[in-house]
Protein chains: 4
Amino acid sequence: MTERVVLAYSGGLDTSVCIGWIAEETGAEVVAVAVDVGQGGEDLDVIRKRALACGAVEAEVADAKDEFADEYCLPAVKANALYMDRYPLVSALSRPAIVKHLVAAARKHGASTVAHGCTGKGNDQVRFEAGISSLAPDLKCIAPVRDYAMTRDKAIAYCEEKGLPITTSKKSPYSIDQNVFGRAVETGFLEDIWNPPIEDVYDYTENPATPREADEVVLTFEAGVPVAVDGKPVTVLQAIQQLNERAGAQGVGRIDMVEDRLVGIKSREVYESPGGIALIAAHQELESVTVERELARYKRQVEQRWTELVYDGLWFSPLKRALDGFINEANEQVSGDVRMTLHGGRAVVTGRRSDRSLYDFNLATYDTGDTFDQSMSKGFIEIFGMSSKIAAKRDQAQ
Amino acid sequence: MTERVVLAYSGGLDTSVCIGWIAEETGAEVVAVAVDVGQGGEDLDVIRKRALACGAVEAEVADAKDEFADEYCLPAVKANALYMDRYPLVSALSRPAIVKHLVAAARKHGASTVAHGCTGKGNDQVRFEAGISSLAPDLKCIAPVRDYAMTRDKAIAYCEEKGLPITTSKKSPYSIDQNVFGRAVETGFLEDIWNPPIEDVYDYTENPATPREADEVVLTFEAGVPVAVDGKPVTVLQAIQQLNERAGAQGVGRIDMVEDRLVGIKSREVYESPGGIALIAAHQELESVTVERELARYKRQVEQRWTELVYDGLWFSPLKRALDGFINEANEQVSGDVRMTLHGGRAVVTGRRSDRSLYDFNLATYDTGDTFDQSMSKGFIEIFGMSSKIAAKRDQAQ
Amino acid sequence: MTERVVLAYSGGLDTSVCIGWIAEETGAEVVAVAVDVGQGGEDLDVIRKRALACGAVEAEVADAKDEFADEYCLPAVKANALYMDRYPLVSALSRPAIVKHLVAAARKHGASTVAHGCTGKGNDQVRFEAGISSLAPDLKCIAPVRDYAMTRDKAIAYCEEKGLPITTSKKSPYSIDQNVFGRAVETGFLEDIWNPPIEDVYDYTENPATPREADEVVLTFEAGVPVAVDGKPVTVLQAIQQLNERAGAQGVGRIDMVEDRLVGIKSREVYESPGGIALIAAHQELESVTVERELARYKRQVEQRWTELVYDGLWFSPLKRALDGFINEANEQVSGDVRMTLHGGRAVVTGRRSDRSLYDFNLATYDTGDTFDQSMSKGFIEIFGMSSKIAAKRDQAQ
Amino acid sequence: MTERVVLAYSGGLDTSVCIGWIAEETGAEVVAVAVDVGQGGEDLDVIRKRALACGAVEAEVADAKDEFADEYCLPAVKANALYMDRYPLVSALSRPAIVKHLVAAARKHGASTVAHGCTGKGNDQVRFEAGISSLAPDLKCIAPVRDYAMTRDKAIAYCEEKGLPITTSKKSPYSIDQNVFGRAVETGFLEDIWNPPIEDVYDYTENPATPREADEVVLTFEAGVPVAVDGKPVTVLQAIQQLNERAGAQGVGRIDMVEDRLVGIKSREVYESPGGIALIAAHQELESVTVERELARYKRQVEQRWTELVYDGLWFSPLKRALDGFINEANEQVSGDVRMTLHGGRAVVTGRRSDRSLYDFNLATYDTGDTFDQSMSKGFIEIFGMSSKIAAKRDQAQ
């Protein structure tokens, strides 16, 4: 029986050419798999047919938008996941979601190998391959761009030579990856890190500098999960989508950064994640109200490690599972409402209320009703500072 | 010889009353000490004379603005210090600066005790007393508001009874602490955490929602120290002051949060720190360009601990000193320019350049000149993911 | 109705005197509660009757040995809990176990207050009171030794005056706390930290320097839980008891240290924990075999925080619960056998076997059968070291 | 001019064969460099002459024993460096020391490449190559065993064919790496992790089970540096050597473990480090006496990261330098004497004294002279436990 290779298929030029290219390089049959994680663009059925037209022996398409929101974006919100304190892991979240479908297709179609269209200098190759080897340690991985030197010029030539049904006319200056949680853009002139981004690179967000009316939104969470927007019940996917639209319209969620890639280099990246940034801002603030101090302090460290791990492609790793155990426990009480003003590129929390709140008006107030026993403080300070004080005595005697 | 008490004196009602109150409670002579950390307001000499008029046997005033900027604000910038990812430690930075002057005055005037005007439910009492016991373990601390039940009403009555030269007419609804690095505001109606702040609470910042022209600024750092604004050399104090003005004019640096106090309660706090937020944003981005990845990842944890420690009043502690050892080493190469747009409440970095940059165009580019050897990646991924893969094999065999 | 106070009762002089002392100080009725956590000594019923004879209105006794082993010692083994890398938390584990019974008794008997016999300079007062306030925030706490200045001399005088049925003849030079997980000893001559402990301070362990035959034991764990000793099924309590005997007979588990107390001072402590040390040594080694590297590395940090938290008396805290979420997940695969030699004060692992092992002979061997693909390493090293290399290039150009 | 390759030369079969092998593979001239880090064995001059006899164009030998002790072992002692809480980094410390000499020789002799004899599945290849690329980013690295498939059998054949002056008679069953800080042994029968080590694998240590007299030693440290043994001044090297002898004679420092290698696999390792283990035990205890609690707690985390980093071959990395900044600051006060009993495989501290001690007898004692103000504790406990208590109230209302 002929070997089979499952290919992560986008419908674009590169992965369309990969179908034939892989077949020629390996002698295997290619099964194309396209996964909708909210990237928009063409209809899944159109993509499926194009894969077959390009020579795939089978083509699978999956609407994974809700799965992506529930199982990948939501944990990132619970973890307030911002790589380098800024980037909400947009592409890093979609890769494991796609990997799961690739592996399922490999099992279904008896494939021995999974292929993807990534280059050899980015993070996504690691996310695909480390993910696949963790879900299916027996599967091999290939990346034609990296392993078979498939450049864009060669791909266009191949496409024209074989008469593949793909438009190759003009290359966009942008390299884009997008899904419902956000959008990543790379392009040549941004490789000079002194150059500012131009408006043209953005698609999910309006210009924050344009004067417009502010938008006020109330988000409701239950145990860390967004469950309503302005009081109307939503799925996680709907929460992201509605905030993409509303926060995007106010220019919220643009990120321009120099980023530490797993492969050891620094790269300039521009992202948009209006829904992601708004959700995380609201979730963080609700945690401030409902999570006890020491748990909150430790959770920041756990969040950082979780985020690095996911960025680094280790979604399906034992450490990730154990950190999730911590994070889920920490989110048990993160329930309540957060009111935010979306405006001028900012998502600003202006109010919070929760029946799980740890904010105690009577302990906090300086007005009538104050129940805080200030006489306790002297003893607290004395003992809290004692180890430093003893060290100071020693150090000053030197 | 009569005992002496050094009092942290602000010139306001509470600490003016404290002078006589402490004298009556303890039989000691009171030495008033006022320290200018950029809080603005009255002239230091006016304050000095008022202290004497209120009964102080001595009154010392010190212009500590440059000292505060260089020795307290600058380390916070190097540490990207944001408590709970938001608050740049405004008051927590000024307390140790003031403590140093209080202790010096106690030594000079032979005092056995230091007094401050804090209540017994806030952080500042800890910062004063832990600071004092670490610089001068032999000194005692008293806080008349906490220890002698000196309420505001009693203070006003005392003031009127003694004819002290203080206006007690109407109480501001706001409790304010400010210095050159920022401003903290508490007030009754914000104790309902669902209430949004009103414009009236702000003083260092304009309304970010007001349409206006953006301001572009270039900041230059050397080894983590801001040394020029738009190419013109500045001291750290000048950098903060100029950015307070320019970022403040664009509404940058407003913070509204529910905060975990050291004394175990959550409180609602509103802050403004236009200069602090702008400086930290620029510094963080320059670190992204000049600090190696593993150092940068670890530094985030160190920053968090540094920030908690300073928030908690342990500025003069052995751990703080050792963390500074790490942070200063990490800032050695943080030199270069950062261009920022100040607008609509946001300080957005749009460009960076540095001769200490670790961004390597030839490794990062996808265009001509790419020197990254992609053939290395396959081996990297295989071994990087191996421990997870071996665990996956085991887990799936279960 | 008369107020009631629940007293943590040991049967000894101090807490026997507390019964009447508290009644006199507070006017309340005293309910005595004695909890058997394996401390040995008198029969529970004897203790119960003595409490009543000393004036308690009610006396409750509970055999909590299995509960203590399963719910308190076991989590400590899973966390490899060694405070300051040495001390297996003996007393810190028993306090929350006792607290649970005190609170249950307070509810049953309608008490408003809980009392304990601790002094005001140790950790145990915090463990009792922080524990009680976390299980029953409405209950008050009192500590007669600390709050009513009940010294030992006064206690003896009281005892004799009231004719309480307690022997007060001669004071042991040792202050001892013990339970099935170990034993803590303090005594005057050890307060000089240059003095070595003498044999007389030890009770759970024989002198390790005495020549004797070694003992070999095989421990079996399932998901981190010790389930068999030399192939014979055991409860956790039995595992600890059997190892106390066998490891204790070989002098295993003596600890002599200078310890950082929560109240800010350093103290000299001598402990014995033969079963605890042997179990943790075996468990750690089985983790080395069955836990993936990144999870194992992170778990060390989590273990340290867990241990500090428990030492500090915060057993019933939100952070403890979330850390348990992590630790339990990490122990899922910690199953298998560990063979140890107990001898000369050491518990040395000499073999491990597990069907959950991640040790792969074929990847590890340098002999026939080696499946490790060494050609992958060059790429791995190149990319693994790249960020350092780029930084080196920059630093050397300086 | 002919290219030159600097080879890390041991004088043994493998690296002797490498000289000719590399010359044939690359056409380059080979410069042999042997570094004495206390591994014992042959005289350096004998080794130098053998290298020349095997075809090296130049041969350099260096006595780096003091340099190794001062610059590599000492930082490990200050960091209490125990990988996986057990292994004192023996080989991981020597590699960067050797790398420094290799790079210096490459510069002196105008070499473009450095070669080493490691296989492709261990840690040492990474330590060599990451070290070299951080000291000399322009140098290339080759490893004939890994890159040119130079197996042992081929090496013997080559040796006989060329008549190299090396004895190839019988292969030891052991693969050994040793230096003054310790010794690592691998061998086939230990690859079954259920097998116990046999006495024959050990060389630096006597059997701990043999009855013998205990040895008592007093170590003196200044700022973390061992400066005297039993009151007699020593260099760091002498301290290690003397303790190797005395602790080794008592069987101290044997380690048998399953270890997580950087290349992703677990391996069985047996080590001996009598001097290393004794020094670290003493240093840790002196830190307990002289380092303030919060600094000590944080230092444990820093130590773990330092140890992982060095194990992983990143000695010359920016993060290592910044961690050293922390560790050196933390060791400033670690001065004083530690008395230890060496016996039966254990190095047990029995006394400590220091004029930098933070142990305060008057605060610690329960006898006459107690200066601890117990009345402070109630307030401390109340506020210390408050955030947990507030959370408990909330959680129980659920």
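Note that the structure is predicted; figures quoted are calculated from it, not measured.

Undergrad: Sorry if this is basic, but what is going on with unusual backbone geometry here?
TA: In most cases, non-glycine residues show a negative phi, while peptide bonds are predominantly trans. Residue and element names in this part refer to chain B. At Ala-149, a position not held by glycine, the phi torsion is positive, near 55°. As for its placement among the helices and strands, Ala-149 is situated in the loop between helix 6 (144-147) and helix 7 (152-162). Judged by local crowding, Ala-149 falls into the exposed class, with 11 C-beta atoms found within 10 Å.

Undergrad: In this structure, what is going on with the domain arrangement of chain A? I would like to understand it.
TA: Residue and element names in this part refer to chain A. Split by domain assignment, chain A resolves into domain 1 (4-171), domain 2 (175-291 + 333-353) and domain 3 (370-396). For domain 1 and domain 2, the distance between their C-alpha centroids amounts to 26 Å. Facing the 27 residues of domain 1 at the interface are 29 residues of domain 2. Those elements that place two or more of their residues in the side of domain 1 that touches domain 2 are helix 3 (65-78) and helix 4 (90-109). Residue contributions to the side of domain 1 that touches domain 2 peak at nine residues, all from helix 3.

Undergrad: Could you clarify how one ought to interpret the relation of the copies chain C and chain A in this entry?
TA: Both copies of the chain are related by a screw-like operation: a rotation about an axis and a shift along it. For the pair chain C and chain A, the superposition axis carries a translation of 0.0 Å, the fit reaches an RMSD of 0.0 Å, and the rotation angle comes to 180°. The operation mapping one copy onto its partner corresponds to a two-fold rotation axis.

Undergrad: Looking at this model, I keep getting lost on the sheet that holds strand 3 (residues 58-63) of chain A. Mind explaining?
TA: Through backbone hydrogen bonds, the strands of a sheet pair up, either in parallel or in antiparallel fashion. All names here are of chain A. Here five strands make up an open sheet; going across it, the order is 3-2-1-4-5 and the pairing parallel. Either end of the sheet is taken by a strand with one partner, and the two such strands are strand 3 and strand 5 (140-142). Shown here is a sheet whose adjacent strand axes are inclined to one another by a mean of 25°, direction ignored. Examined bridge by bridge, strand 1 (residues 4-8) and strand 2 (residues 29-36) share five bridges and lie parallel to one another. Paired with Ala-8 across the strands is Val-33, a residue of strand 2. Across the face of the sheet, helix 2 (residues 44-53) comes into contact with strand 2 and strand 3 while running at roughly 165° to strand 3.

Undergrad: Hey, could you run me through the interface of chain C and chain A in this one?
TA: Reports often express the size of an interface as the amount of accessible area lost when the parts come together. Contact residues are listed per partner, giving 22 residues for chain C and 22 residues for chain A. When residues of the side of chain C that touches chain A are traced back to their parent elements, those giving at least two are helix 10 (293-311), helix 11 (318-330) and helix 14 (386-396) of chain C. Counting residues per element, the side of chain C that touches chain A draws most heavily on helix 11 of chain C, at 10 residues. The class makeup of the residues in the side of chain C that touches chain A is 12 nonpolar, five polar and five charged.

Undergrad: Mind showing me how you'd approach the interface of chain A and chain B here?
TA: Contacts between the two partners involve 73 residues from chain A and, on the opposite side, 75 residues from chain B. Here the side of chain A that touches chain B is built from residues that sort into 31 nonpolar, 22 polar and 20 charged.

Undergrad: Just to check I follow, could you spell out the relation of the copies chain A and chain B for this structure?
TA: Mapping chain A onto chain B calls for a screw motion: a turn of 180° about the axis and a shift of 0.0 Å along it, with 0.0 Å RMSD after fitting. The residues that chain A uses at the interface reappear at the interface of chain B in 100% of cases, marking a shared surface.

Undergrad: What should I look at first to understand the nonpolar core in this one?
TA: Counting 538 residues, the largest nonpolar core has Leu-7 of chain A, Leu-7 of chain B, Leu-7 of chain C together with Leu-7 of chain D as its most contacted members. Once you skip the residues sitting within four places of it in the chain, Leu-7 of chain D turns out to touch Thr-15, Cys-18, Ile-19, Ile-22, Val-30, Val-31, Ala-32, Val-33 and Ala-115 of chain D.

Undergrad: Help me understand the UniProt feature "binding site: L-citrulline" (unreviewed entry) in chain A in this model?
TA: All names here are of chain A. Under the UniProt annotation, the feature "binding site: L-citrulline" (unreviewed entry) is placed at Tyr-87, Asn-123, Arg-127, Ser-175, Glu-259 and Tyr-271. Non-local contacts of Tyr-87, meaning those with residues more than four positions away in its chain, are made with Leu-82, Ile-255, Met-257, Glu-259 and Tyr-271. Here Ser-175 shows up in strand 6 (residues 174-179). Ser-175 sits in the partly exposed class, given 14 other C-beta atoms within 10 Å. Ignoring anything within four residues of it in the chain, the contact list for Ser-175 reads Glu-186 and Thr-187.

Criteria and cut-off values
Residues numbered from 1 in each chain as written. Chains lettered and ligands numbered in written order. Predicted model: local features only at pLDDT ≥ 70, side-chain atom pairs only at ≥ 80, totals over all residues. Helix = DSSP H or I, 4+ residues; strand = E, 2+ residues; numbered from the N terminus. Buried ≥ 20, exposed ≤ 12 C-beta atoms within 10 Å, placed from the backbone. Domains from an automatic or database assignment. Contact = placed C-beta atoms within 7 Å. Least-squares fit on C-alpha atoms with pLDDT ≥ 70 in both. Pairing = 2+ DSSP bridges. Axes fitted to C-alpha atoms, helices over the stretch in contact; angles between N-to-C directions. Nonpolar A, V, L, I, M, F, W, Y, C, P; charged D, E, K, R; others polar. Core = buried A, V, L, I, M, F, W, Y, C linked by C-beta atoms within 7 Å. UniProt positions renumbered as here; feature names shortened; annotations may be inferred.

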